[in-house]
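Observations on the model geometry
Residues per chain are reported as follows:
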Amino acid sequence: MSTVRSTNPHDPKETVAEVPATSPDHLSALLELATHAGRDWAHTAAPDRATALNRVADDIGVETNRLADLISREVGKPITEARGEVQRAERTFRYFAQAALLPQGDVLPGADSRTLSFTRTRPRGVVGVITPWNFPLVIPAWKLAPALAYGNAVVFKPSAQAVGTAEALTDILNRHLLPGVVVFAAGPGTGALVAQSPAVNAVSFTGSTEVGRQVVATVSARGAVAQAEMGGQNPTVILADADVEAAITGITGSAFAFAGQKCTATSRIIVHEDIYERTREALVETARKLVLIDPSDPNCQVGPVIDISSRDSALAAVKSSSGRVLTGGTKPDIAGSYLEPTLVEVPGSDDLLATDEIFAPVTALLRARSAAHAVELANATPFGLSASLYTRDLSAALTHTRELKAGMLRVNAPTTGLDHWAPFGGTKASSFGSREQGLAAKEFYTESSTVAFC
Ligand code: NAD
């Protein structure tokens, strides 16, 4: 029997989890089961769906330490951040338990005094949830929780590199849901089969832009609904009047914590020339102090890259850059797929460290002649997920947040750090379809009918 295995990036010899790979025939059987179970779940009263989701949240809360340890070992996330991820997953299930009880439509004026006109939503049916490895608990949570709250069944296809965390979440869900409401599928080619299957009415994808675009094309071509959150190349702009100290603390965490592997991590730092030299020196000094050790140690700030090949591609990108390495750019003398936090001063916005998603602790530093030039540099990338701006000038903040092309904009805060109750998503090559999280999630997980009683 073929299996899917995840390993520990800190110690690649350690197998963290191993699960059976789902064969195409088994996937068909699982989808049939989900289709039947989904009909019952759609008819389950909203308060009962809410109770089930609250019980899932309770179990996640009780099992915080086990889940955080699993996340940390499986994807190399610093343990303190892994605990934060578990807490956010718990809160996400509670949020959508409540959302299940909110009004599901609008009453509209009738065409005449006898007509009752209203909108009503219904679940889409079976939803495919395809997820990446970097937030192995909370990204599945922010898709599964609304899918289930609004009455859908789910086929959950996680990343091979995070199957252990995904299996643990599925086990918790199955304690509180009817059998088949959530089915788990893993293995090579399974994501593509989920995207192709006519039994799957909608697919919510998070991962790389390359794969996301394939998924969107496949799902849309058969007339089903797709949503994709994809790569980023997120800029932070520091204007001349900014609180530079606050900016540096925020940026170094955002660029290098969890080895730069958040989709919203800061990948470019764009600094106004009036404060450029002193900001550059302070960034280098702060990056050099970051603690790069075993992610299970509570003092860890950076941790390893997900695997050796991703670490080596990041190193190759640094070597191919025409920029000047200010700090890092080397492997530390420890086992595992580590890379020193790396800051590279690049000559312009066409350098590959300023255009491509590197997904490692590698950040490009650029000099801007003016605030307008900084915004122009920030927008000079195919991506548009998150952007941040440091300034004390309210008027500049309002103007530039209108001009910056990103789905998520943060002023005097780093590009990372988002709220589960706020709509989430990007623009340009970072995103396709409706927003995730918050009440915005309802649009994807339901379809609406307009009813007129004449
Ligand atoms: P990935 O694209 O390699 O894989 C994502 C998922 O898609 C995995 O489950 C994978 O098995 C599956 N998959 C692979 N090929 C497929 C195919 N042909 N059809 C269907 N599914 C397929 O991404 P990854 O390496 O797991 O994650 C890192 C990427 O995710 C980065 O680009 C990062 O920016 C992005 N990401 C984006 C967000 C966001 O919200 N925008 C959040 C987290 C991660």
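Scroll up a little and you will see the structure.
Residues numbered from 1 in each chain as written. Predicted model: local features only at pLDDT ≥ 70, side-chain atom pairs only at ≥ 80, totals over all residues. Heavy atoms only, no water.

Some points on the nonpolar core
Side chains that are nonpolar tend, in soluble globular proteins, to be buried together. One finds Phe-93, Leu-144, Leu-148, Phe-156 and Leu-173 to be the most contacted residues of the largest nonpolar core, which totals 67 residues. A total of nine residues in this core trace back to one element, the largest contributor, which is helix H5 (residues 138-149). Residues lining this core come from more than one domain, with at least three contributed by each of domain 1 (3-230 + 430-453) and domain 2 (234-411). If we ignore the near neighbours within four places in the chain, the residues touching Phe-156 are Val-129, Thr-131, Pro-140, Leu-144, Ala-166, Leu-169, Thr-170, Val-182, Val-183, Phe-184 and Ala-185. Residues Leu-339, Leu-366, Leu-389 and Leu-404 belong to the second largest nonpolar core, which totals 37 residues. (Core = buried A, V, L, I, M, F, W, Y, C linked by side-chain atoms within 4.5 Å. Buried < 20%, exposed > 50% of the residue type's maximum accessible area, 1.4 Å probe, protein only. Helix = DSSP H or I, 4+ residues; strand = E, 2+ residues; numbered from the N terminus. Domains from an automatic or database assignment. Contact = heavy atoms within 4.5 Å.)

So, unusual backbone geometry
At Phe-258, a position not held by glycine, the phi torsion is positive, near 50 degrees. The residue Phe-258 is located in the loop between helix H9 (244-256) and strand E11 (266-272) in this model. The backbone of Phe-359 sits at a positive phi, close to 55 degrees, despite the residue not being glycine. Its place among the elements puts Phe-359 in the loop between helix H12 (352-355) and strand E14 (362-368).

Section: the packing of aromatic side chains
Each aromatic ring pair is characterised by the separation of its centres together with the angle its planes make. Per the counting criterion, the structure on display carries eight aromatic pairs. Ring geometry for Trp-133 against Phe-359: centres 5.8 Å apart, planes inclined by 75 degrees, an arrangement best described as edge-to-face. Placement of the pair is Trp-133 in the loop between strand E5 (126-130) and H5 and Phe-359 in the loop between H12 and E14, with a sequence separation of 226 residues. When its relative accessible area of 11% is taken as the criterion, Trp-133 is described as buried. An aromatic cluster is present here, built from Trp-133, Phe-135, Phe-258 and Phe-359 joined pairwise through their rings. Over the ring of Phe-135 we find Lys-77, and its NZ or CZ is 3.6 Å from the ring centre. (Phe/Tyr/Trp six-rings, centres within 6.5 Å; stacked < 30°, edge-to-face > 60°. Lys NZ or Arg CZ within 6 Å of the ring centre and 35° of its normal.)

A word on the sheet that holds strand E17 (residues 408-411)
A sheet is described by the order of its strands in space; here seven strands give the open sequence E12-E13-E14-E11-E10-E16-E17, paired in mixed fashion. Each end of this open sheet is capped by a strand with a single partner; those strands are strand E12 (324-327) and E17. Put simply, the sheet's adjacent strands are angled 25 degrees from each other on average, direction ignored. Sheet topology places strand E13 (residues 342-345) next to E14; four bridges connect them, and they run parallel. The residue of E14 that forms the bridge with Glu-345 is Leu-365. (Pairing = 2+ DSSP bridges. Axes fitted to C-alpha atoms, helices over the stretch in contact; angles between N-to-C directions.)

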